[in-house]
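# Inside the fold
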Protein chains: 2
Amino acid sequence: MRKLFALLSLILTCQFSYSQTEDSLFIRKIYDEALSRGKSYEDLRSLCKDVGARLSGSAEAEMAVYWGEQKLKSYQFDAVYLQDIEVPHWERGTKESGWIKHTDGRLKKVSITALGGSIGTNGVVEGELVYYTSINELKADKKSDLSGKIVFINQAMDEKEIVTFHAYGGCYSMRNEGAIEASKKGAVAVIIRSIGSSIDYHPHTGGMTYDSEVKKIPAAAISTAESEYIHEKIKTEKLSFILELNCMSYPPKPSHNVIGELKGSLYPNKIITVGGHLDSWDLGEGAHDDGAGIVHSIEALRILKTLGYKPKHTIRVVLFMNEENGNMGGKTYASWVKEKGEEHILAVESDRGGFAPRGFTLDGPDNFLSILQSFATILKPYELHKFEKGYGGVDIGPLKNYYPEIPLIGFVPDSQRYFDFHHAETDVFESVNKRELELGCASIASLLYLMDKSL
Amino acid sequence: MRKLFALLSLILTCQFSYSQTEDSLFIRKIYDEALSRGKSYEDLRSLCKDVGARLSGSAEAEMAVYWGEQKLKSYQFDAVYLQDIEVPHWERGTKESGWIKHTDGRLKKVSITALGGSIGTNGVVEGELVYYTSINELKADKKSDLSGKIVFINQAMDEKEIVTFHAYGGCYSMRNEGAIEASKKGAVAVIIRSIGSSIDYHPHTGGMTYDSEVKKIPAAAISTAESEYIHEKIKTEKLSFILELNCMSYPPKPSHNVIGELKGSLYPNKIITVGGHLDSWDLGEGAHDDGAGIVHSIEALRILKTLGYKPKHTIRVVLFMNEENGNMGGKTYASWVKEKGEEHILAVESDRGGFAPRGFTLDGPDNFLSILQSFATILKPYELHKFEKGYGGVDIGPLKNYYPEIPLIGFVPDSQRYFDFHHAETDVFESVNKRELELGCASIASLLYLMDKSL
């Protein structure tokens, strides 16, 4: 009996070792392919330069759909198709100017960008600048009558947060709700400090909302450097602000998610989705946000296919449209797969930039965390060390409405530089490092490989 | 007895928890200081812009010594002093030009940089280009007579290496020994492919050596992009190369290491050294290599002092001179501390750039590894995950000659972008991210704090 146990134990150990070795070798091949013969960097260059910034409803967004479909077809995935969706349509317009007016009448032109979804000013708007250090301070101010005035909220990202996304989270409601809160008190416009990590002259745009019960007022962001300028000046003198915006919203437009698949050899109806978002804001080129996620996802499938891997489950890449201002791509995808009666076992998203990989965060059941964490050892040589609970992603988030138990996994690159570029004109191809991008592709391909084998 | 044991156990657990909590809180303060009130970014700007590139023997290197002394004094460390050393003195000169000559006589000017220590060409040198893919291929070539010819070694960094320093290590002998090996076969000059990660037009310099038995020939590096050009062209046609360099060596010059201390409260004669190198190559501004290491080290001490920490052991920051071409700072320091009879218990070096921190590598006794690894949990929130055996540093390396058991620890930031900038004109202040730099300072300060308490 003892001998039999020892023999069985030996066989099991050998099988385990064999499987570990086999996986290690395959993952090494994934990284070799990504780093030596990778297509992601050239694909990102093409998306940024041949297509450009691609806000939902724009011609560029339509070109991005065409680009994505052509790209997936060129890699000969098993199925490539479009999914119809409808997206909001907002345009920045041609006028976007702001000035600080000092007490002595002296003007200072500032770098300004309308927030996405803002109404225009219908001419020039001028008002005394009322200074708040945060959205909460504005909310708490029950006394001030801001009629005819312009609110400025100078809420900086908390530089003490180690992961910059946490600092972003702290500022989000300033951008999202600033116009509502300022308008409630009678203000004629709201200006916010750009949500950016560095002190520079590049304003950062981003989505904002209105409340149907509250009068709409124009909303814009100025650069962090000029926010600091106001912070200093307003200590000793009254300032006014002047702005003109002619951005506006149009009726919704038809658009598409772009989808490609590697068919599952054993369970073709069990789906693993991986994706990023194809749309971007209209400043810069949407290189990190989220061109990187798009090429990460495409390249992950291309690598698995090129290496001859036959997945057990269907691995589906989705290039989601409209994450930035409506998430209609993510919402429509989730309801569509539910309607089709698909079994959805996992979704992975890359939407935190093309930086050096650190790991993955899981939004899903606890028992799934142990599966994710079991990959830590085999992925350690690739500097992946983060395997923990956390956020999945905006695009894949709505799947949870239909599959409450679905594990959603967010790819986590290093976050330190992300908010230097996020939603700003600096988010261009040149801000992405080739090796960092390629390592992201290999990390995601490795995760898909290990998950496909484990599930 | 049982109750007594339980009580003791409780007390010990409480003490341990208290100590853990105390350490956690102090480390959080270290990061807050670095990220909110840090001086490192401005210090680096000043070193890069007010001093500039600072090759040993140059006026800039003298200014760097002055800058370092002033800086350490401004932070009111317990002792600030200079250590006399002697350094090699090589100058690039005013002429540095290279051309590819095609078979049809057409010229193509290339981006070229003399390797540090090379002799000049004494006028224009022209020769047929003989192509090798690696230094080993050149060494193995027993047949070719290269008399009057110019050797080109096109050895690229292995992009499949995850940690780029390993790829650098693979190319190092091409730069270091290329001139010796080419000269042995009669060549009149050697040109190497720049040791850089990206394909661009910025040549990378770096140290090279001669052999007293072998005739000295000029040595230079051309850009990676132009190396790729030669790689393609030479498949179908003979190429010649033309170059002129008027770099030359001068007699050694006096210089200094710059030293500052926080005196140990319990063991003032037990020394922990932390440092980087003050000299740099003469291209760019030596921002990552090793301005980052200099300000990391200074800032680590400043933070500990600012937070009122009284170290048990003396913590000494050393701004080493001449790491790049001679390591006279490191060698002289090691022999000097031995002569003084100091007890040296630990040395830490930062010389891998100012990127997002990943951890530390230990060159030292195995039993010390467990101490280092015991910090992993408390440093996890700061994304530090690398606590393993590895390299210490060039400057602190000679300490081992006198203290064979000394633990040497190298700070490990992410390596992906380092060789885009290393020894090239692109290694300027603007290539360093403020947050990444500051996190490095806090990581090193935290290590010093934990080590000082543990030893």
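Residues numbered from 1 in each chain as written. Chains lettered and ligands numbered in written order. Predicted model: local features only at pLDDT ≥ 70, side-chain atom pairs only at ≥ 80, totals over all residues. Heavy atoms only, no water.

### Things to note about the packing of helix 9 (residues 366–373) of chain A against helix 13 (residues 434–454) of chain A
Residue and element names in this part refer to chain A. Put simply, the rule is: Interaxial angle, 0 to 180 degrees, is taken between N-to-C directions of lines fitted to C-alpha atoms, where a helix line uses only the stretch in contact. Numbering of helices and strands runs from the N terminus, with a helix taken as a DSSP run of H or I at least four residues long and a strand as a DSSP run of E at least two residues long. Relative orientations are named as follows: roughly parallel for angles under 35 degrees, roughly antiparallel for angles over 145 degrees, roughly perpendicular for angles from 65 to 115 degrees, and oblique for any other angle. Rotating anticlockwise by less than a right angle from the far helix to the near helix defines a left-handed crossing, while the corresponding clockwise rotation defines a right-handed one. Residue contacts follow a heavy-atom distance rule, with two residues in contact if any of their heavy atoms lie within 4.5 Å. Any residue that is not Ala, Val, Leu, Ile, Met, Phe, Trp, Tyr, Cys, Pro, Asp, Glu, Lys or Arg is counted as polar, Gly included; the first ten are nonpolar and the last four charged.
Between helix 9 and helix 13, the least distance of the axes is 10 Å, while the angle of their chain directions is 120 degrees. Judged by the inter-axis angle, helix 9 sits oblique to helix 13. In this structure, helix 9 crosses over helix 13, and the sense of that crossing is right-handed. On helix 13, the residues that touch Phe 368, Ile 371 and Leu 372 of helix 9 are Leu 447, Met 451 and Ser 454. Of the residues belonging to the contact of helix 9 with helix 13, the class tally is five nonpolar, one polar and no charged.

### Comments concerning the relation of the copies chain A and chain B
A rotation about some axis, followed by a shift along it, carries one copy of the chain onto the other. Test applied: Alignment of copies: least-squares fit on C-alpha atoms of residues with pLDDT of at least 70 in both copies.
With an RMSD of 0.0 Å, the operation that places chain A on chain B is a rotation of 180 degrees combined with a shift of 0.0 Å along the axis. On this basis, the relationship between the two copies can be described by a two-fold rotation axis. Looking at the rotation axis and the C-alpha trace of chain A, the residue lying nearest is His385(A), at 3.3 Å. When the interface residues of chain A are mapped onto chain B, 100% of them again fall at the interface, so both copies present the same face.

### Considering the side chain of His423(B)
To be explicit about the condition: Under the rule applied, a polar contact is a pair of N or O atoms within 3.5 Å (in protein, one hydrogen donor and one hydrogen acceptor; residues adjacent in sequence only if both atoms are side-chain atoms).
Locating His423(B) in the fold gives a position in the loop between helix 12 (418–421) and helix 13 (434–454). A distance of 3.0 Å separates a polar atom in the side chain of His423(B) from a polar atom in the side chain of His422(B).

### Overview of the domain arrangement of chain A
How big an interface is tends to be expressed through the accessible area that disappears when the partners come together. Residues and elements named next belong to chain A. Definition in use: Residue ranges for the domains trace back to a domain assignment, done automatically or taken from a database.
Considered domain by domain, chain A is made up of domain 1 (29–88 + 251–454) and domain 2 (95–248). Centre-to-centre, using C-alpha coordinates, domain 1 lies 33 Å away from domain 2. With 15 residues of domain 1 at the contact, the number on the domain 2 side is 19 residues. When residues of the side of domain 1 that touches domain 2 are assigned to their parent elements, the largest contribution, four residues, is made by helix 12 (residues 418–421). When its residues are assigned to classes, the side of domain 1 that touches domain 2 shows six nonpolar, five polar and four charged.

### Comments concerning unusual backbone geometry
All names here are of chain A. What counts, and what does not: Burial classes: relative accessible area under 20% of the type maximum marks a residue as buried, over 50% as exposed, and values in between as partly exposed (1.4 Å probe, protein chains only).
In this model, Asp 289 is joined to Asp 290 through a cis peptide bond whose omega is 0 degrees. Topologically, Asp 290 is positioned in helix 7 (residues 287–306). Non-glycine residue Gln 76 carries a positive phi angle of around 55 degrees. In this fold, Gln 76 is placed in the loop between helix 3 (59–74) and strand 1 (79–91). Under the relative-accessibility criterion, Gln 76 is labelled exposed at 59%. Its identity as a non-glycine residue notwithstanding, Asn 327 has a phi of 55 degrees, on the positive side. Examined against the element boundaries, Asn 327 turns out to sit in the loop between strand 12 (313–320) and helix 8 (328–339). The exposure class assigned to Asn 327 is buried, which follows from its relative accessible area of 9%.

### Focus on the packing of aromatic side chains
Residues and elements named next belong to chain B. We apply this condition: Each Phe, Tyr or Trp ring (for Trp, its six-membered ring) is paired with any other whose centre lies within 6.5 Å, and the angle between the two planes then decides the class: stacked below 30 degrees, edge-to-face above 60, tilted in between.
Per the counting criterion, the structure on display carries 40 aromatic pairs over all chains. An angle of 65 degrees between the planes, with centres 5.1 Å apart, marks the rings of Tyr 309 and Tyr 449 as edge-to-face. Residue Tyr 309 is located in the loop between helix 7 (287–306) and strand 12 (313–320), and its partner Tyr 449 is located in helix 13; the two are separated by 140 residues in the primary sequence. Neither residue differs from the other here; Tyr 309 and Tyr 449 are each classed as buried. Consider the rings of Phe 355 and Phe 421, whose centres lie 6.5 Å apart with planes at 15 degrees: the pair is stacked. Residue Phe 355 is found in the loop between strand 13 (343–349) and strand 14 (357–363), and its partner Phe 421 is found in helix 12; the two are separated by 66 residues along the sequence. By relative accessible area, Phe 355 is classed as buried at 1%. For Phe 421, a relative accessible area of 16% corresponds to the buried category.

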